Structures are given as C-alpha cells and as structure tokens.
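Chain and residue survey
Here is how the chains run, residue by residue.
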Amino acid sequence: MTGPLPDIPPVHVIGLPRLTAGFDEAERLDRRTHLLVHGSPPSLTADRLAELADAIALRGRGGAGFPLVRKLEAVAHHARRTGVRPAVVVNGCEGEPACRKDTVLLCRAPHLVLDGALLAADALGARTLAVGVSKDTAERSVRDALAERGLSDRRRGRSLRARLVRVPERLVSGEASALIRAAEGGPALPPGRRVRAAEAGLGGVPTLFSNAETFAQLAVAARLGAHRYATTGAPREPGTLLLTVSGAVPSPTVVEAPSGVPLPYVLQMCAADPAPGGVLVGGYHGAWLDAATAYGTVVTREALAAGGGALGAGAVLPVPVGTCPLGETLHVARWLAAESSGQCGPCRLGLPSVAGALADALTGGGQEALEAVRRAAQTVSGRGACKHPDGAVRFVLSALNAFPDDLAAHVLGGGCGRETTGLLPLPAPETADAAVGTVAGPAAATGRLAVDWTLCEGHGLCAKLLPEAVRLDPDGYPLITDTALPARLHTRAQRAVSRCPALALRLEKP
C-alpha cells in the first residue's frame, strides 16, 4: 500500500483474544458491553500493582520498552517524598505513521485502557488523569467513554479529575514532555531539556506516563492475575501484543498475537509476499531486518534485538523484492528530519545532515559519502533533548547494515535497479495543515523550496540562512530536499527567498 494508514484498520487475532475480546460483537465496546465482556476490574494497592507488573515483566508498549514496575515505584517514591498526589497520563497520540494499535484500542475498547489507567490512579492516589490523542476518531471515543463513567475535569474535592488532551498529529507530540506541556496548555513540543515525568510531570507532580496498550495490558493482567496472564506468550515476555502490519500487504491490519509468535506467521496471516526484500520492525524509530533474518525470528523484544531489530512501537512493514529499501529509507529519513521540533542542534541541524548525506551516498557518492552518513549519525546519537534523533539515526543505520549489497550498488554509482514507490506510509500533507488550528503548529506544511537553475549562481546564502533544508554540493550549489517544509521554517524560508542575490530561489505550494 501507499499513502497514510486508515485510523481504524481491520483487526486479526492469532490465538485467543485478550485486548481485542468483544471486537467480533461490537465495533466499539461501550461501558455496558465492556463490563459484559471483561467484567469489573479489581482494586489493587500500589505495592500489589507493582508486584503484578513485575511478575508479568510488563514493559511500555509505546517504543522505549521501559519496565512499568520501575515507573510505578518511582512515581510512588517521589509522591511520598514530596507529599503531593501524583498524576497519570495515557499517551494515545500515536504520531508514528506506521502504527494504529493504540488508536484501535481507544476507538474500539476505550474502557479497557481507562481501566488500566484508573487502576494505577487509584493505587497511587492520583488526583489527575489526562488522556492524550491526536485523531478525531480517538477524541470522540475517549470523550464518550469519560462521559459514560461520569469523569470530567470539573470534579472538585478529593475526586479524580479527568480530561482529554488533543495534540497535532506529529511524531514528537507523543513524546512524554511534549504531551505533558500540551496538557498544561503549552505547545506539544519537547521543552528542549530532558525531564523525568516520574519526578516532576503534569503540573509539576510525579506522573505515571505510558501508552494506551500498556494500560490495557495492565487491566487484563489485573483481572487474570500473573499466573493466568503468563499462560500465553513467551516465558520471559508473557502475554499478547498488538502489531500494526502495513507496507507490502493488501490492507493494513492490526494483529493481536501471543508474544513469541514467528514473524513469518504474522506476515502470512496478513497476505504479505512470502519472499520480501526486507522487513522494517518497530516503525520509523525501529530497525530493518533482511529477509533471511526476518523469516528466522519470533516476535519478542529479546529475539528481535538479537537479530538487529527492535519491537519498538509494534509496527511491521515488509517491502517487496522489487522495491528499493534504501530509497524508501531516504524518503522516510527526510520526513523524520522535517519532524524535528527545531529546539536543539541534533534535530535542527543533525537530522537534515543525516538525510542529505544519505542522499549523496545513494546517488553514487562513493565511500566518502557513505562515511559522511556515519559521521553525521555519530554527531546526533545521544545528544538530543528527546529520543527522536536517536530513533531516526537507528532507523537509517539499520538500513545500511541490513542491505549491504544494495548499498554497494548505490554507493558505486550504478544503483540497485529497483524503484522507490513511497511504500512506507507517511501522513498526507493535509493532515499537517489541519493541525494548525489545534496548536500553533510546527508540523504544518508550508511549501517546498525550488531553484531556478537558469538563474542560480552558487552564492550559497540560502544554505547559511536555512541549513535545515539547504546544503551545498562540492561546487557550492544548493541541494534541496523535495519534502514540504514545516511551518516553523516558513519565515526563514521566505527570508532566504527574498535575499537570494540571483533571485533563483522560490517557495512553491506542496
């Protein structure tokens, strides 16, 4: 497939459903149907909840995979130390274009997610619950679910106050500090420094922050108990997991499967080509696997990491033999560079440099261009104020490692002879435009830079005024990305256009 994924793709189940129980009976489980399917959740103390999370080895399902027990213990510790009541934040933003599992949960089983969040809130004594979303469908469903439970932000006294937070549909909007800023009325952007939510999150209080699937898993585990929960899945990573399968499949699909399921079985269920050219796992902060590795692994965090992959946010994207995986990587790398919040050097300058160096290498730049990619990646890794630059660099470098023969063909100038079709899903331009009305949106597409080569004289001023979007080739002429500029660069792009001495630069509509 090409183009953005639908908000609510079809759901398939391998084995018995847990998170998706009841989906065969209703498109959306309202409060009554939810209780008929799942029953009422128990009430657990903070210690019992932490013991449960530890016993089932529950890790965050949003990408980083941080152990939930450590978050629970840290929030409880800082709440006791400071003497304040903590907060709970559900991250349902899912700005990753290749993922829809959290959106499916919020749209079809919102009360299961709220069960897990409220279990944690009750155990920790939290006063505030916030649910972050980025899509209209999820916003409507969660708003209805809160109303069905009688939860709102208007409750006073000791009762829990709950509210919905709508953010633009951007990759960085779901970063913990960005969503917390948005919940406090600020922009949905990381603050430019690393902040631990467990110490000082929403409103400055210790905050339990995790994604929608993690809270849904917690709700299922609380009902089943650790022993029954572990009867499904791999021994060291028990339970089920949700995967979003897209790329070279007839239709994007969300799959609930036991952990440890063979990856080829998941691909076969989704009617993927039995001999793909490669498989991207974990999404655009994940990693590529070559076909042999992909078809010899199982879906656990440990097994994927051993093969050079990453479970990440649960995205699985096979690419057919006739499509160039390196060209697809470059296409996404340019988008990742434009997704920067522009607040620190590794994002603002580093990611465009990585994408530009990759473009040079893939167009026959030779060994020197390839080394430039690795140098640019090294200057970015571990230096960002959030994890976006690290994830983007991991994605790019994994492609170089997974497809060495294709890489050699490109670097030496002949190319691999296969097409780049834009198979990997990215947001439609109108999605970014629509975000402007929600938050002053750095994501909004404002136009593309273009050069009139009959006029350009190679002064290089455009690269000095707009280094995020313009680089110079060895002869001093501009190299310009073909992706739309984010809105935060609009003013400076206009300045670069107006100051071009040869009047060769222009800003076109996307």
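Just above, that's the structure.
Quick notes on the sheet that holds strand β2 (residues 87–92)
- Read across the open sheet, the 4 strands follow the order β4-β3-β2-β5; overall the sheet is parallel. Of all strands in the sheet, those bounded by a partner on one side alone are β4 (161–166) and β5 (207–211). Strand-to-strand twist in this sheet, taken as the mean axis angle between neighbours without regard to direction, amounts to 15°.
- Pairing of β2 with β5 involves 5 bridges; the strand directions are parallel. Residue A87 lies in a different strand from β5, and its bridge partner there is T207.
- Strands in contact with helix α6 (residues 136–148) are β3 (128–133) and β4; relative to β4, the strand with the most contacts, it is inclined by about 170°.

So, the pattern of salt bridges
- Evaluation of the coordinates by the stated rule reveals 18 salt bridges.
- Of the charged contacts in the structure, one is a salt bridge between D360 and R471, with a shortest N-O distance of 3.0 Å. With D360 in helix α13 (residues 345–362) and R471 in strand β14 (residues 470–472), the pair connects residues that are 111 residues apart, well separated along the chain.
- Look at R471 and you get partly exposed, because its relative accessible area is 26%.
- Residues participating in the shared-partner salt-bridge network are R61, K101, D102 and E213.

Quick look at the environment of P187
- Looking at the secondary structure, you find P187 in the loop between α7 (176–183) and β5.
- Here P187 falls in the partly exposed class, since its relative accessible area comes to 31%.
- The sequence separation of P187 and S173 amounts to 14 residues, and the corresponding C-alpha distance is 9.0 Å.

Quick word on the environment of A372
- On the secondary structure map, A372 appears in helix α14 (residues 366–380).
- For the pair A372 and L358, spaced 14 residues apart in sequence, the C-alpha separation works out to 8.2 Å.

Some remarks on empty space enclosed by the protein
- Applying the stated criterion across every chain yields a total of 5 cavities of 30 Å³ or more.
- The computed volume of the largest cavity comes to approximately 130 Å³.
- If you go around the largest cavity, you meet 15 residues; those closest to its centre are C456, G460, C462, P478 and C500.
- Tallied by class, residues from the lining of the largest cavity come to 11 nonpolar, 3 polar and 1 charged.

Structural notes on the packing of helix α1 (residues 31–38) against helix α5 (residues 110–124)
- The contact between α1 and α5 brings their axes to 9 Å, and the two run at 75°. Compared by their axis directions, α1 and α5 come out roughly perpendicular. Of the residues in α5, those touching α1 at R31, H34 and H38 are H111, L112 and D115.
- Here the contact of α1 with α5 is built from residues that sort into 1 nonpolar, 3 polar and 2 charged.

Digging into the pairing of β2
- Counting buried residues along β2, 6 of its 6 residues qualify, which places the element largely inside the surrounding structure.
- Here 6 bridges tie β2 to β3, and the two strands are oriented parallel to one another. Paired with V88 across the two strands is L129, which belongs to β3.

Calculation notes
Residues numbered from 1 in each chain as written. Predicted model: local features only at pLDDT ≥ 70, side-chain atom pairs only at ≥ 80, totals over all residues. Heavy atoms only, no water. Pairing = 2+ DSSP bridges. Helix = DSSP H or I, 4+ residues; strand = E, 2+ residues; numbered from the N terminus. Axes fitted to C-alpha atoms, helices over the stretch in contact; angles between N-to-C directions. Contact = heavy atoms within 4.5 Å. Salt bridge = Lys/Arg side-chain N within 4 Å of Asp/Glu carboxyl O. Buried < 20%, exposed > 50% of the residue type's maximum accessible area, 1.4 Å probe, protein only. 1 Å grid on protein atoms, 1.4 Å probe; cavity = no way out; pocket = protein on both sides within 12 Å on 5 of 7 lines; lining within 4 Å. Points joined across faces, edges and corners; volume = space filled by probe spheres on them. Nonpolar A, V, L, I, M, F, W, Y, C, P; charged D, E, K, R; others polar. Parallel < 35°, antiparallel > 145°, perpendicular 65-115°, else oblique.

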